[in-house]
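Spelled out, the chains give:
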Amino acid sequence: MPSHKEPETRWAWVEIDQGALRRNARAFKNLLGPRQRLCCVVKADAYGHGAVPCAKIMHATGTDMFAVSTVMEGVELRQGGINEPILILSEPPMTAIDTLLEYRLMPSIYTSEFALAYGERAVSQGTVGKYHMAIETGMNRIGVHYADVLEFRHEIDFHRGIQCDGVFTHFATADEASGWDYKLQCKRFDEAVAAMRDAGYECGIVHCDNTVASILDKSTHYDMIRAGIGLYGLQPAEVTRSIFPLEPVMSVRARVTRTTHPAMGEGVGYGFTYRVPRARVQICTLPLGYADGLARVLSNRMDVLFRGMRIRQVGNICMDQCMVAITQTSMRQMPEAEIGDIMTIIGRDGDAQITMDEMARLRDTIHYEVACGFGMRLEKIYC
Ligand SMILES: *Cc1c(COP(=O)(O)O)cnc(C)c1O
């Protein structure tokens, strides 16, 4: 357990393995040709891993651009000293325009109203507002419909206050890169880009691949890939596991804050959803709960690691704490815990491991959501 440092004020924390992050970023860089760029997606506080510290590591491995979801996420990167181009992955409200220009954040644009307002503001400040044009190719989320791209460009391109720095789309089904739905999105994107180029419109950096598409289909790398989940060492699909090894970056650990041996039949936690089933059960309290990303639906269903072994979480998970049980059976003699002992919620301990995937399955969600959750309140320690 690489726990060199930990927070001073709390016995629960997230560990970020900077070396793993660096190696993952390099693996994506190595997928690319010399003229292709890597855009690192650090939205949602770098999927819970900490946007500014992660962006600094990615910068050192040769990232060409960063992408975030909200304007304030972009501001945070600028204030943290990040100087690469920053792309906002959707069109913000028009009231955000001054902030975009002040911090040199490129919006994704797909309405002419926004484009023209952005251009007006830029001209009045004696500057040019760069943007990326989002193209709707099938996900039905954002973008100019693929059949309307020429009309859109005709409506806005006369404006000297805006400059198209890139055009992009986003795949809905890239984990099935041989599937018909994916191929149709590719075709619509190709045709939209070709139509704009034929009509003489500047397209700038052409990009569409997220993590899974960039691994499974090199033919769609174009000028840049937008890697997110894979940077954090999480496999985007079962099929990529064997072809593109990645190292998990986040671990979650806590120290035992209290131990007790309740009598058989005693309940544990709100509602007594667990009752001590036998003699010699040690109940240990850990100081993290559902407000830290440990979803309450995991109650009585998840394991944690203690001295390289699995033990069961018991009772309902509270907002800020949860309990685990060390149960002695005739089959298994377990070491007991003491106050201050470390337990692992996500990560490795000896030969044992609990992955984000395992927890995501138990929660009926995806590892993206699990990682974001742990990043929300727990302090992050960079090791
Ligand atoms: C989140 C996001 C990405 C990154 O996706 P991953 O699956 O995490 O690689 C890329 N592009 C857009 C538009 C996104 O919203």
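Criteria and cut-off values
- Residues numbered from 1 in each chain as written.
- Predicted model: local features only at pLDDT ≥ 70, side-chain atom pairs only at ≥ 80, totals over all residues.
- Heavy atoms only, no water.
- Buried < 20%, exposed > 50% of the residue type's maximum accessible area, 1.4 Å probe, protein only.
- Helix = DSSP H or I, 4+ residues; strand = E, 2+ residues; numbered from the N terminus.
- Axes fitted to C-alpha atoms, helices over the stretch in contact; angles between N-to-C directions.
- Parallel < 35°, antiparallel > 145°, perpendicular 65-115°, else oblique.
- Left-handed = near helix turned anticlockwise from the far one by under 90°.
- Contact = heavy atoms within 4.5 Å.
- Patch = residues over 30% accessible without salt bridge, like charges linked within 9 Å, V, L, I, M, F, W, Y side chains within 5 Å.
- Areas by Shrake-Rupley, 256 points an atom, 1.4 Å probe, with all protein chains shown as cover.
- Salt bridge = Lys/Arg side-chain N within 4 Å of Asp/Glu carboxyl O.
- Lys, Arg positive; Asp, Glu negative; His and termini not counted.
- Charge placed at Lys NZ, Arg CZ, Asp CG, Glu CD.
- Domains from an automatic or database assignment.
- Buried area = accessible area lost by both parts, 1.4 Å probe.
- Near = heavy atom within 4 Å.
- Polar contact = N/O pair within 3.5 Å; in protein donor to acceptor, adjacent residues only side chain to side chain.
- Nonpolar A, V, L, I, M, F, W, Y, C, P; charged D, E, K, R; others polar.
- 1 Å grid on protein atoms, 1.4 Å probe; cavity = no way out; pocket = protein on both sides within 12 Å on 5 of 7 lines; lining within 4 Å.
- Points joined across faces, edges and corners; volume = space filled by probe spheres on them.
- Pairing = 2+ DSSP bridges.

Student: I'm lost on helix α3 (residues 51–60) in this one. Help?
Tutor: For an α-helix, 3.6 residues make a turn, and residues three or four places apart therefore share a direction. The complete set of buried residues in α3 reads Ala 51, Val 52, Cys 54, Ala 55, Ile 57 and Met 58. After α3 finishes, the residue Gly 62 shows a positive phi value of roughly 95°.

Student: Which parts of the structure should I look at to understand the packing of helix α7 (residues 149–156) against helix α8 (residues 180–198)?
Tutor: Direction vectors running N to C along α7 and α8 enclose 40°, while the axes themselves pass 9 Å from each other. On the basis of their axis angle, the class for α7 and α8 is oblique. Remark: the crossing between α7 and α8 carries right-handed chirality. Between α7, through Val 149, Leu 150 and Arg 153, and α8, the contact on the second element is made entirely by Ala 192, Ala 195 and Met 196.

Student: Explain a negative patch on the surface here, please?
Tutor: A cluster of acidic residues, Glu 113, Asp 148, Glu 151 and Glu 155, forms a negative patch on the protein surface. Inspection of the secondary structure puts Glu 155 in helix α7. For Glu 155, a relative accessible area of 35% gives the class partly exposed.

Student: In this structure, what is going on with the domain arrangement of the protein chain? I would like to understand it.
Tutor: Note: interface size is frequently given as the accessible area lost on complex formation between the parts. By the assigned domains, the protein chain splits into domain 1 (18–232) and domain 2 (250–382). With nine residues of domain 1 in contact, the opposing surface of domain 2 contributes eight residues. Taken together, both faces of the contact between domain 1 and domain 2 bury some 800 Å²; the carbon and sulfur share is 69%. Taken together, the connections running from domain 1 to domain 2 amount to one salt bridge. One salt bridge in this structure joins Lys 380 and Asp 45, with 3.5 Å as the shortest N-O distance.

Student: I keep staring at the pattern of salt bridges and nothing clicks. Help me out?
Tutor: Where charged atoms from two side chains of opposite charge approach closely, those side chains can pair. Counting across every chain of the model gives 18 salt bridges. Put simply, Asp 64 and Lys 29 hold a salt bridge, and the shortest N to O gap is 3.3 Å. Placement of the pair is Asp 64 in the loop between α3 and β3 (65–68) and Lys 29 in helix α1 (residues 18–29), with a sequence separation of 35 residues. For Lys 29, a relative accessible area of 26% translates into the label partly exposed. Between Glu 191 and Lys 187 there is a salt bridge; the shortest N-O distance is 3.3 Å. Of this pair, Glu 191 and Lys 187 both sit in helix α8, four residues apart, which is roughly one turn of that helix. Salt bridges sharing common partners tie together Arg 10, Asp 292, Asp 320 and Arg 377.

Student: Honestly, the site of the ligand in this entry has me stumped. Any pointers?
Tutor: Around the ligand, the surrounding shell consists of Val 41, Lys 43, Tyr 47, Leu 89, Arg 141, His 170, Asn 210, Thr 211, Arg 226, Gly 228, Ile 229 and Tyr 368. Contacts to the ligand include Tyr 47, whose side-chain N or O atom sits 2.6 Å from an oxygen atom. Interatomic distance of 3.3 Å between a side-chain N/O atom of His 170 and a nitrogen atom of the ligand. The fraction of the free accessible surface of the ligand (390 Å²) that becomes covered by protein chains is 94%. Across the shell around the ligand, the residue classes break down as five nonpolar, four polar and three charged.

Student: Quick question: what am I supposed to make of the packing of helix α6 (residues 112–124) against α7 here?
Tutor: At their nearest, the axes of α6 and α7 sit 10 Å apart, and the two run at 30° to each other. Between α6 and α7, the angle falls in the class roughly parallel. Pair α6 / α7 crosses with right-handed handedness. Contacts between α6 and α7 pair Ser 112, Ala 115 and Leu 116 from the former with Phe 152, Glu 155 and Ile 156 from the latter.

Student: Would you take a moment to explain the layout of surface pockets for this structure?
Tutor: Taken as a whole, the largest pocket spans an internal volume of roughly 850 Å³. Elements represented by at least two residues in the lining of the largest pocket include exactly α2 (43–47), β6 (129–136), α9 (211–216), α10 (356–363) and α11 (367–375). Here the lining of the largest pocket is composed, by residue class, of 18 nonpolar, 15 polar and nine charged. For the lining of the largest pocket, the two domains that each supply at least three residues are domain 1 (18–232) and domain 2 (250–382). In this model, the second largest pocket occupies a volume close to 460 Å³. Lining the second largest pocket are 23 residues, with Glu 247, Pro 248, Val 249, Arg 348 and Gln 353 sitting closest to its centre.

Student: Could you clarify how one ought to interpret the pairing of strand β11 (residues 250–255) in this entry?
Tutor: Each regular strand shows side chains that alternate between the opposite faces of the sheet. Counting buried positions over the six residues of β11 gives six, a clear majority of the element. Sheet analysis places strand β1 (residues 12–16) next to β11, joined by five bridges and oriented antiparallel. Across the sheet, residue Glu 15 finds its bridge partner in β11, namely Ser 251. Bridging between β11 and strand β19 (residues 342–349) involves four bridges; their strand directions are antiparallel. Of the residues in β19, the one forming a bridge with Ala 254 is Met 343.

Student: Looking at this structure, how should I read the environment of Gly 138?
Tutor: For Gly 138, the position within the fold is in the loop between β6 and β7 (144–145). Spatially, the C-alpha atom of Gly 138 lies 43 Å from that of Asp 349, the residues being 211 residues apart in sequence. Beyond its immediate chain neighbours, meaning those up to four positions away, Gly 138 contacts Gln 185 and Arg 188.

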